[in-house]
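# What the coordinates show
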Amino acid sequence: MPRPRIICHMVASLDGRLLTERWNGLPETALDLYEEIADRLDTDGWIVGRTTMASFVPAGEAHLASGSQANGTIITRDHPGAARGRSLAICFDRKGKLMPETDDVEGSHLVLVLSEHVAQEHVAYLVERGVSVFFAGAEGNNIASAIERIGVAFDAKALLLEGGGMLNGSFLEQGLIDETSTLVMPVLDGQSGIPSIYDYQGQLQGRPLELLGVETLAYDAVWMHHRISGG
């Protein structure tokens, strides 16, 4: 089974910045367009990084292995939970910082992707609460394998990638983004250092795009839908 199709769906200023609280003068209701477009894309779930998920789920210190687990052979296995017809809320939490109380996030089933260095006690904590747990290699960077196994476990055909910029950049670097869905708001940020749509921390070549569609929406927002050439 091929991996799920990945659509990077983001809302940004005209210069690609992501911090919506900086967008003075833009009505809050304008951001509702983002969810409306997401619904149109009709996917099986969404993917975010730990910082974004921490807005929905309690977080604490890293839960990394120590003692015999850290020094010995690491044995990990995935723990798919029960989605029960819900969409998937997938988060890459490499160090095991998130401490969810249930498997439900805004009506979606929580799926955490960890590194193999996360303590087994923390894995057991997550599984006891119904959270699905998958592993992405020793450092948590084997994104492709994890996404493919999640797709198989839940029969997921398409997923939204919704940031932050560093996670988006990692997916882009590994050739895992098939399409982009970019909602551009009529505002300029202009401040250097503000997170942007793609923030890969390393060397990365540009990717050519094929325009699938463009629409002017309410509030003078513009939605652009692209396919990454070769994706």
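Nothing here was measured: the structure is a model prediction, and the numbers come from that model.

Looking along the chain, the bond that leaves Gly163 and enters Gly164 is cis, with omega of 5°. Along the chain, Gly164 falls in the loop between strand S7 (158-161) and helix H6 (165-173). A positive phi angle is found at Asp155, which is not glycine, with a value near 55°. Take Asp155: it is sitting in the loop between helix H5 (143-154) and S7.

Our focus in this paragraph is the pattern of salt bridges. This model, assessed by the stated rule, comprises 11 salt bridges. Glu215 serves as the salt-bridge partner of Arg40, at 2.7 Å between the closest nitrogen and oxygen. One end of the pair, Arg40, is in helix H1 (residues 32-41); the other, Glu215, is in strand S9 (residues 209-216), with 175 residues separating them in the sequence. Its relative accessible area of 29% is what places Glu215 among the partly exposed residues. The partner of Glu210 in a salt bridge is Arg227, and the shortest N-O contact between them spans 3.1 Å. Linking Glu210 in strand S9 with Arg227 in strand S10 (residues 222-228), this pair joins segments that are 17 residues apart in sequence. Arg227 gets classed as partly exposed once you look at its relative accessible area, which sits at 31%. Through salt bridges with shared partners, a single network forms among Arg86, Asp103 and Asp104.

Attention shifts here to the pairing of S7. Of the two faces of S7, the one lined by Ala158 and Leu160 and the one lined by Leu159 and Leu161 are each fully buried. Note that strand S1 (residues 5-12) and S7 share 4 bridges and pair parallel. Residue Cys8 lies in a different strand from S7, and its bridge partner there is Leu161. Here strand S2 (residues 45-49) pairs with S7 via 2 bridges, running parallel. Bridging across to S7, Ile47 finds its partner in Leu161.

What counts as what
Residues numbered from 1 in each chain as written. Predicted model: local features only at pLDDT ≥ 70, side-chain atom pairs only at ≥ 80, totals over all residues. Heavy atoms only, no water. Helix = DSSP H or I, 4+ residues; strand = E, 2+ residues; numbered from the N terminus. Salt bridge = Lys/Arg side-chain N within 4 Å of Asp/Glu carboxyl O. Buried < 20%, exposed > 50% of the residue type's maximum accessible area, 1.4 Å probe, protein only. Pairing = 2+ DSSP bridges.

Spatial relationships are all this shows, so hold off on functional conclusions.
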